[in-house]
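Notes for the structure review
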Amino acid sequence: MTTYILCIIAIALVFDYINGFHDAANSIATVVSTRVLSPRTAVLWAAVFNFIAFALFEPTVARNIAKGVEPGFITPNVILGSLLGAIVWNLLTWWWGLPSSSSHALMGGFAGAAVKSAGRLSVLDATVFGKTAAFILVSPLLGAIIGFSLMHAIRLLARGWTPGKVSSRFRRLQLLSAAAYSLGHGGNDAQKTMGIITALLISAGLQGGGHDPKPMLWVVLVCHAAMALGTLSGGWRIVKTMGMKITKLKPVGGFAAETAGAATLFSATALGIPVSTTHTITGAIVGVGGASGRLSTVRWGVAGRIVWAWIFTIPASAILSATIYTIARLLSGEP
């Protein structure tokens, strides 16, 4: 394995680490904002379940990403451009406190570098990228619908309970919902980096390709470990936006939002679709806020800023990645 390939794998793991702390907010925002767990305990709780997700999910998302671009146009420089473009965008949005999608930053970066390399859009697998684009709308909508419905069901079930009883029971249940959401986060998000590393190894002749490329075990383990370590680092700027600025949550609302988000992520991972944990939990929080009695409980100005970040993520990361790929190709002398 050449030094250049090893360096790119290291950068991929840096992306995974950044993905972890950038998206830690998605896993812990609700459980922190409802004061069920302290921030430090919450990130430890999330990190553990981020890591053990490797034992529960088939790498369907990783396989799809690995075959998302025509093999002849996947080069080390394309992978490098994809990763660095996504990293730059993630760091910018983290600094601005915007919960943008690490998943879409990586997919946008992969698309931008590959299209720049091939000079045509048809180099992209229309099914893989089409489903990813569609779920920009589907995942938050599904999260909102499940969150709204679940919150209504809980209100009916808990009718007649005292506020103290509701709070006490759902504070305990929120530990389970936060764990489930963190499992879904690790199961879907870590697989994106697995897919990128697998594509790199295939392009370098270090792994067999085939119709349905599967990540090697060491790739699976290091990707989950990098994400878990990133989650341990937290991301308090985004936690404040997700857990405190969109709508005010109580433990019962936190449980409903996390459960709705987890259900959406589990479904998408089973279908092999890379989705945004950010979009998913935002939709679920908005759905729960709407079910609380009035849609006015949702702070639509904050939600609007988040939506604009979603819109710009794929084109911005694609442009950044295409630019970085061009520079890398010139520096390396690639024709």
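Named according to an unreviewed UniProt entry, the protein chain is Inorganic phosphate transporter originating from Sorangium cellulosum. UniProt, in its Subcellular location (unreviewed entry) section for the protein chain, records the words "Membrane".

Turning to helix α5 (residues 102-118), a few remarks are in order. Between its first and last C-alpha, α5 extends 24 Å over 17 residues, near the 24 Å set by a 1.5 Å rise per residue. The element α5 is extensively covered by neighbouring structure, given that 15 of its 17 residues are classed as buried. In the stretch just after α5, G119 is the one whose phi turns positive, near 80°.

The next thing to look at is helix α6 (residues 126-157). In this model α6 runs 44 Å from its N-terminal to its C-terminal C-alpha over 32 residues, within 8% of the 46 Å that 1.5 Å per residue would give. Those residues of α6 not exposed but buried are V128, F129, T132, F135, I136, S139, P140, G143, A144, G147, M151 and I154. Measuring from the backbone nitrogen of T127 back to the side-chain oxygen at the start of α6 gives 2.9 Å, which picks out D125 as the cap.

Turning to a nonpolar patch on the surface, a few remarks are in order. Together, Y17, L44, V48, F51, I52, F54, L229 and L232 give the surface a local cluster of nonpolar side chains, amounting to about 650 Å² of exposed area. Listing elements by their share of the nonpolar patch, those giving two or more residues are α2 (39-52) and α8 (217-233). Considering every element that reaches the nonpolar patch, the biggest residue donor is α2, with 4 residues. Locating L232 in the fold gives a position in helix α8.

This part is about the pattern of salt bridges. Counted by the stated rule, this structure contains 3 salt bridges. For E58, the salt bridge goes to R63, with nearest N and O atoms at 3.7 Å. For the salt bridge of D189 with K192, the shortest nitrogen-to-oxygen distance reads 2.6 Å. With D189 and K192 both in helix α7 (residues 163-203) and 3 residues apart, this pair spans about one turn of that helix.

V69, I79, L83, F110 and F129 are the most contacted members of the largest nonpolar core, which totals 45 residues. For this core, the secondary structure elements donating two or more residues are α1 (3-33), α3 (60-66), α4 (76-96), α5, α6, α7, α8 and α12 (300-332). It is α5 that provides the largest number of residues to this core, a total of 8 residues. Apart from residues no more than four positions distant in its own chain, F129 is found in contact with G68, V69, M107, F110, A111 and L124.

So, on to the packing of α4 against α7. Look at α4 against α7: their axes get within 9 Å of each other, and the N-to-C directions meet at 165°. Here α7 runs roughly antiparallel to α4, going by the angle between their axes. By crossing handedness, the relation of α4 to α7 is classed as left-handed. Contacts between α4 and α7 pair P76, I79 and L83 from the former with I196, A199, L200 and S203 from the latter.

Thresholds, definitions, all that
- Residues numbered from 1 in each chain as written.
- Predicted model: local features only at pLDDT ≥ 70, side-chain atom pairs only at ≥ 80, totals over all residues.
- Heavy atoms only, no water.
- UniProt positions renumbered as here; feature names shortened; annotations may be inferred.
- Helix = DSSP H or I, 4+ residues; strand = E, 2+ residues; numbered from the N terminus.
- Expected span 1.5 Å × (residues − 1).
- Buried < 20%, exposed > 50% of the residue type's maximum accessible area, 1.4 Å probe, protein only.
- Polar contact = N/O pair within 3.5 Å; in protein donor to acceptor, adjacent residues only side chain to side chain.
- Patch = residues over 30% accessible without salt bridge, like charges linked within 9 Å, V, L, I, M, F, W, Y side chains within 5 Å.
- Areas by Shrake-Rupley, 256 points an atom, 1.4 Å probe, with all protein chains shown as cover.
- Salt bridge = Lys/Arg side-chain N within 4 Å of Asp/Glu carboxyl O.
- Core = buried A, V, L, I, M, F, W, Y, C linked by side-chain atoms within 4.5 Å.
- Contact = heavy atoms within 4.5 Å.
- Axes fitted to C-alpha atoms, helices over the stretch in contact; angles between N-to-C directions.
- Parallel < 35°, antiparallel > 145°, perpendicular 65-115°, else oblique.
- Left-handed = near helix turned anticlockwise from the far one by under 90°.

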